[in-house]
Amino acid sequence: FFISMVGIVLILPIFWFQGRVLLNPLTRMTEAIRDLGEHHEDIDCPSIDWEGNDEFAMLALSVNRMLETITERTVKIALVEARHRAVIDGLPDALAVFDRRGRLVAVNKQPEGTPPLPGMVRGEAPSAEVFGEEGSKAIAKAIAAVFEARAVQAVRLESSGDDPRNFEVRITRMDEVFALAIVRDVTREAAEHKLRLA
């Protein structure tokens, strides 16, 4: 009984010291970081308020500086994206993305009030039936050229059918995998040019 009482008297202060002095700051830091993780996308992201000059204070300072850097970069990225979106919205052109093999990946923008791009099917190269063998080969060659020479390539296409349309396509390299095609419908301009020539 005496040994048990002595053990309890000695162990209880050790547990108290461990919980209040050693583990409590770690628990508070864990909760603070968890709170940051839950609110990291908020406009006013919280920071870690920590008093003292111990290791946890240094960790809190480092985390706060990292958050400030991330916030600054996020704001800059958002501004750049907004400017790019404004430029894209103001363009009277369609934007299409092709891969290195000349296959359509996506049409990211289609001007309002214009019919869909003919001969463009996701996962396939521009249709030779719509643009002819020469036109299909020309755009495939231009896409391959932007990955080799890194220069902007320009191609003129004319669709077949009862209502032919003329397109001016400017292709530029986005990265190692994708190329961006800026497709402008110049059917009206082509018709006016033919009329002036006549």
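Each remark here, short or long, concerns the structure printed above.
Parameters and conventions
- What you see as residue numbers is a count from 1 along each chain, following the sequence as written.
- Restriction of local features to residues with pLDDT of at least 70 applies here, the model being predicted, together with a cutoff of 80 or more for giving and counting side-chain atom pairs; totals for whole chains, interfaces and linings are based on all residues.
- Excluded from the side-chain calculations are hydrogens and water; all other atoms, namely the structure's heavy atoms, are used.
- Only Phe, Tyr and Trp rings take part, Trp by its six-membered ring, and two of them pair if their centres are within 6.5 Å. Stacked means planes under 30 degrees apart, edge-to-face means over 60, and tilted covers everything else.
- Secondary structure elements are defined from DSSP: runs of H or I of at least 4 residues count as helices, runs of E of at least 2 residues count as strands, and each element is numbered from the N terminus.
- Exposure is judged per residue with a 1.4 Å probe applied to protein chains only, and the accessible area is read against the type maximum: over 50% gives exposed, under 20% gives buried, and values in between give partly exposed.
- Note on pairing: two strands pair once DSSP finds at least 2 bridges between them.
- Angles here are taken between N-to-C directions and fall from 0 to 180 degrees, while the axes themselves are lines fitted to C-alpha atoms, restricted in helices to the stretch in contact.
- By the convention used here, residues are in contact when the closest approach between their heavy atoms is within 4.5 Å.
- Think of a nonpolar core as a cluster: buried Ala, Val, Leu, Ile, Met, Phe, Trp, Tyr and Cys residues, connected wherever their side-chain atoms sit within 4.5 Å.
- The patch calculation keeps residues exceeding 30% relative accessible area without a salt bridge and links them within 9 Å when they carry like charges or within 5 Å when they are nonpolar (Val, Leu, Ile, Met, Phe, Trp, Tyr).
- Accessibility throughout is a Shrake-Rupley quantity obtained with a 1.4 Å probe, and a residue counts as covered only by protein chains that appear here.
- Counted as salt bridges are all cases of a side-chain nitrogen of Lys or Arg within 4 Å of a carboxyl oxygen of Asp or Glu.

What about the packing of aromatic side chains?
Enumeration according to the criterion identifies 1 aromatic pair in this entry. Summarising the aromatic geometry, the rings of F131 and F167 are spaced 6.4 Å apart at their centres and angled 80 degrees between planes, so their arrangement reads as edge-to-face. Of this pair, F131 sits in helix α3 (residues 128-149) while F167 is found in strand β4 (residues 166-173), placing the two residues 36 residues apart along the sequence. Considered together, F131 and F167 belong to a single accessibility category, that of buried residues.

Describing the sheet that holds strand β2 (residues 104-109)
In spatial order, the strands read β2-β1-β5-β4-β3; together these 5 strands make up an open sheet with antiparallel pairing. Here the strands that pair on one side only, and so sit at the sheet edges, are β2 and β3 (153-158). If you compare each strand with its neighbour and ignore which way they point, the axes differ by 25 degrees on average. Pairing geometry for β3 and β4, over 6 bridges, is antiparallel. Pairing of V155 across the sheet is with V169, part of β4. Of the strands in this sheet, β1 (94-99), β3, β4 and β5 (178-185) are in contact with α3, which crosses β3 at around 165 degrees.

Some details on the side chain of R165
Residue placement: R165 occurs in the loop between β3 and β4. If sequence neighbours within four positions are ignored, R165 has contacts with P115, P116, P118, L157, E158, S159, D185 and T187.

Quick look at the nonpolar core
F98, L157, F167, V169, I171, A181 and V183 are the most contacted members of the largest nonpolar core, which has 20 residues in total. Contributing elements (two or more residues each) for this core: β1, α3, β3, β4 and β5. When residues in this core are grouped by element, the largest group, 6 residues, is from α3. Each residue touching A181, except ones within four places of it in the same chain, is listed here: A94, L95, A96, F98, V169, R170 and I171. Counting residues in hydrophobic clusters, the runner-up holds 8 residues, among them L36, W50, V63 and L67.

Observations concerning a nonpolar patch on the surface
Together, F2, I3, V6, L10 and I11 give the surface a local cluster of nonpolar side chains, amounting to about 550 Å² of exposed area. One can find I11 in helix α1 (residues 2-38). Owing to a relative accessible area of 42%, I11 belongs among the partly exposed residues under this scheme.

Description of the environment of T172
Considering the arrangement of structural elements, one finds T172 in strand β4. A residue is classified by how much of its surface remains accessible, and T172, at 28% relative accessible area, is partly exposed. Sequence separation between T172 and A154 is 18 residues; the distance between their C-alpha atoms is 9.1 Å. Leaving out residues up to four positions away in the same chain, T172 has contacts with V146, V152, A179 and L180.

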